[in-house]
Amino acid sequence: MSTADDQGQTEGPPETPPGDGAPKSGAGGYGPPREDEVSLLDILLVLARHKTLIMRTVLVFTLLGVTYALLAPEQFTSEARVVREAQEGGGGSGGLPSGIPSGALSSFGINLGGSASGLTPAAFPEILESREVRLAVARDTFRFPDVEQPMTFQEYANRPPGTVDLLLKYTLVLPFTVKDVIGDALSGESGAGKNQVAGTGGRQLTEEEHRAVKAVGGKIASSVDEENGLMTISATAGGPKLASSVAESFLNHFTTRVREIRTQKVQERLDFVEERFEEAEQELETVEERLAQFLERNQNPTTATLQFRRDRLQRQVSFKEQLYSELQSQLTQTRLDLQRRQPVVTVVEEPVAPMLRSAPKRTLITVFAFMLGLVFGMGAALVRSFFLDGADKEEKRKMKGIKTAFENEGMTGRIVDYYQSLRRRAEA
């Protein structure tokens, strides 16, 4: 009779053969998850356990946002709109066949000339925010709401800061203060040529002028509509009337600067022609006076010498008259050319004092502070839970080792009770 061992059978339940579809533990099967896996429920549990920390963080950030929204100075924005009218150059359609406008090829990046202006609306924002325009605005006089007497923007920007300004600068707006300092250091504004102003022989700006130019630049913004060439000028200041005054000052100096850029070469030629015209006029008067004096002394010159001197003086007068006439014609033509080259910047909408403030947006600031506090609170809760869970896992590992060591000795319960009592004493 054969036994169970002879037949290859063993007592007990048969083992499950591999590869029969039995579920495996871990992420690949349907068994319990590994200890290093984190589910959404675990995250929600961590947030629920640290809800007090999250609520406190949200409350602190919200209070800071509300405080800043209430203490931040009100800002008003005044807008003006200008458009540059098209001007035809002397070249007509730039050599194109008849019936084809001069700007027909501009959409393909082809420029055949023929435009008398040389300035496109795309260049207007750069001119508006140029150092020359900002310096001119900084030298204008305004009436500031927090100052009794009118003063220039340069004087206002360099006055000693008040108590509230210092408090805001080094508390709520400290990040912006640090950002400005770092930006100035990285931009290399102390380099040579950074403060040179056109039309002043390369003169460097003083520290007061540089501070005023920087302050003025932060109050202006512009945008251009590429389709119709309409440019919007926006000036932001601490009062409605101040905002409209700053916008009007920028508009006036912008128009002047555009005219200077466009007519610079023609103006130089006009100055030269005017100077030569004045010299020719004086020389003509001189030779005419000499001829008149000669004729008074010699009414009927009979000798050859006197006749030769009379003819020479008459030739000089004739030459000076021709030169005078030619320069007069050039002067008239240059003046007409200067007038023709004047860029026509039409003000579509004048700046007016706004009725409503543009900043601060208190509701938006409060909501942003609340969301920022919520994010920081949740992050702090997750970080804190990570370190606490690491300590708990280490403690459980030690407890499991102790339990395994004394499991066969019957001392498990006593060791566990003793260890827990030590833990309670330590916590107390």
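Relevant structure appears above.
Just so you know, the residues in each chain are numbered from 1, in the order the chain's sequence is written. Local features in this predicted model are restricted to residues of pLDDT 70 or higher, and side-chain atom pairs are both shown and tallied only at a pLDDT of 80 or more, whereas totals for entire chains, interfaces and linings draw on every residue. Water and hydrogen atoms play no part in the side-chain values, which are based on all heavy atoms of the structure.

### Some thoughts on the overall build of the chain
Phase 1 of the analysis: When its secondary structure is counted, the chain shows 13 helices and 6 strands.
Phase 2 of the analysis: With the model as given, the accessible surface of the chain reaches about 29,500 Å², and the carbon-plus-sulfur share is 56%. A helix here means a DSSP run of H or I that spans at least four residues, while a strand means a run of E at least two residues long, and both kinds are numbered starting from the N terminus. Where accessible areas are quoted, they stem from the Shrake-Rupley method and a 1.4 Å probe; at the residue level, only the protein chains shown are allowed to cover.

### Remarks on the sheet that holds strand E4 (residues 220–224)
Phase 1 of the analysis: Spatially, E4-E5-E1-E6 is the arrangement adopted by the 4 strands of the open sheet, whose pairing is antiparallel. The open sheet has two free edges, formed respectively by E4 and strand E6 (345–349), since each of these has just one partner strand. On average, each strand axis in the sheet is inclined to that of its neighbour by 25°, with strand direction left out of account.
Phase 2 of the analysis: Looking at chain direction, strand E1 (residues 76–84) and E6 are connected through 4 bridges and run antiparallel. Residue Arg84 lies in a different strand from E6, and its bridge partner there is Val345.
Phase 3 of the analysis: Along the sheet, helix H9 (residues 240–262) makes contact with E1, E4, strand E5 (230–237) and E6, crossing E1 at roughly 25°. Between any two strands, at least two bridges found by DSSP are needed for them to pair. Fitted lines through C-alpha atoms give the axes, limited to the stretch in contact for helices. The angle between two N-to-C directions lies from 0 to 180 degrees. By definition in these notes, contact holds between two residues if any of their heavy atoms fall within 4.5 Å.

### What to know about unusual backbone geometry
Phase 1 of the analysis: In this model, Ala359 is joined to Pro360 through a cis peptide bond whose omega is 0°.
Phase 2 of the analysis: Looking at the element boundaries, Pro360 is found in the loop between E6 and helix H12 (362–405).

### Brief notes about the packing of aromatic side chains
Phase 1 of the analysis: Working definition: rings of Phe, Tyr and Trp (its six-membered ring) pair if their centres are within 6.5 Å, and the pair is stacked with planes under 30 degrees apart, edge-to-face with planes over 60 apart, and tilted otherwise. Considering all chains together, one arrives at 8 aromatic pairs under this definition.
Phase 2 of the analysis: With a centroid separation of 6.3 Å and 70° between ring planes, the pair formed by Phe153 and Tyr156 is classed as edge-to-face. Of this pair, Phe153 and Tyr156 are both found in helix H5 (residues 153–157), 3 residues apart, which corresponds to roughly one turn of the helix.
Phase 3 of the analysis: A residue is classified by how much of its surface remains accessible, and Tyr156, at 19% relative accessible area, is buried. Partly exposed residues are those whose accessible area sits between 20% and 50% of the maximum for their type, while under 20% is buried and over 50% is exposed, using a 1.4 Å probe and protein chains only.

### Quick notes on a nonpolar patch on the surface
Phase 1 of the analysis: On the surface, Leu40, Leu41, Ile43, Leu44 and Leu382 cluster together into a nonpolar patch covering about 490 Å² of accessible area.
Phase 2 of the analysis: It is helix H1 (residues 40–49) that provides the largest number of residues to the nonpolar patch, a total of 4 residues.
Phase 3 of the analysis: Relative to the elements of secondary structure, Leu382 occurs in helix H12. Residues with no salt bridge and a relative accessible area higher than 30% make up the patches, which join like charges within 9 Å and nonpolar side chains (Val, Leu, Ile, Met, Phe, Trp, Tyr) within 5 Å. The salt bridge definition used is simple: a Lys or Arg side-chain nitrogen within 4 Å of an Asp or Glu carboxyl oxygen.

### A look at the packing of helix H10 (residues 264–297) against helix H11 (residues 304–340)
Phase 1 of the analysis: Taken N-terminus to C-terminus, the directions of H10 and H11 make an angle of 155°; their axes are 8 Å apart at the nearest point. Between H10 and H11, the angle is such that the two are roughly antiparallel. When you trace H10 past H11, the crossing you get is left-handed.
Phase 2 of the analysis: Any residue outside Ala, Val, Leu, Ile, Met, Phe, Trp, Tyr, Cys, Pro, Asp, Glu, Lys and Arg is labelled polar, Gly included; the first ten of those are nonpolar and the last four are charged. Of the residues belonging to the contact of H10 with H11, the class tally is 18 nonpolar, 6 polar and 13 charged. Here is the rule for angles: anything less than 35 degrees is roughly parallel, anything more than 145 is roughly antiparallel, 65 through 115 is roughly perpendicular, and the remaining ranges are oblique. By definition, turning the near helix anticlockwise from the far helix through less than a right angle yields a left-handed crossing, and turning it clockwise yields a right-handed one.

### Here we look at the pairing of E4
Phase 1 of the analysis: Judged from the 5 bridges that link them, E4 and E5 form a sheet pairing that is antiparallel. Bridged to Ile220 within E5 is Ala235.
Phase 2 of the analysis: Joining the antiparallel neighbours E4 and E5 is a turn of 5 residues, in which Gly229 adopts a positive phi near 75°.

### Some words on the nonpolar core
Phase 1 of the analysis: Throughout this description, the term nonpolar core refers to a set of buried Ala, Val, Leu, Ile, Met, Phe, Trp, Tyr and Cys residues connected via side-chain atoms within 4.5 Å. Phe142, Phe144, Phe250 and Phe254 are the most contacted members of the largest nonpolar core, which totals 31 residues.
Phase 2 of the analysis: Elements represented by at least two residues in this core include exactly E1, helix H3 (124–128), helix H4 (131–138), H5, helix H8 (207–217), E5 and H9.
Phase 3 of the analysis: Of the residues forming this core, the biggest block, 8 residues, is contributed by H9.
Phase 4 of the analysis: Not counting the four nearest positions on each side in its chain, Phe254 is found in contact with Val82, Phe124, Ile127, Leu128, Val133, Met231 and Val345.
Phase 5 of the analysis: Ranked by size, the runner-up nonpolar core spans 8 residues in total, among them Val266, Phe277, Leu327 and Leu338.

### Focus on the packing of H4 against H9
Phase 1 of the analysis: Contact geometry for H4 and H9: axes closest at 9 Å, N-to-C directions at 135°. As judged from the angle between their axes, H4 and H9 are oblique. Taken as a pair, H4 and H9 cross one another with a handedness that is right-handed. Residue-level inspection shows Glu132, Val133, Arg134, Ala136 and Val137 of H4 in contact with H9, the latter providing Ser249, Phe250, His253, Phe254 and Arg257.
Phase 2 of the analysis: Its residues placed into classes, the contact of H4 with H9 shows 5 nonpolar, 2 polar and 3 charged.

### Comments concerning the side chain of Ser78
Phase 1 of the analysis: Its place among the elements puts Ser78 in strand E1.
Phase 2 of the analysis: Assessed through its relative accessible area of 1%, Ser78 is described here as buried.
Phase 3 of the analysis: For the purposes of these results, a polar contact is taken to be a pair of N or O atoms within 3.5 Å, where, inside protein, one atom must be able to donate a hydrogen and its partner to accept one; residues adjacent in sequence count only when each atom of the pair is a side-chain atom. From its side chain, Ser78 meets the backbone oxygen of Val352 in a polar contact 2.7 Å long.
Phase 4 of the analysis: Every residue in contact with Ser78, bar those within four places of it in the chain, is listed here: Ile233, Ser234, Ala235, Ala243, Ser244, Ala247, Pro351, Val352 and Pro354.

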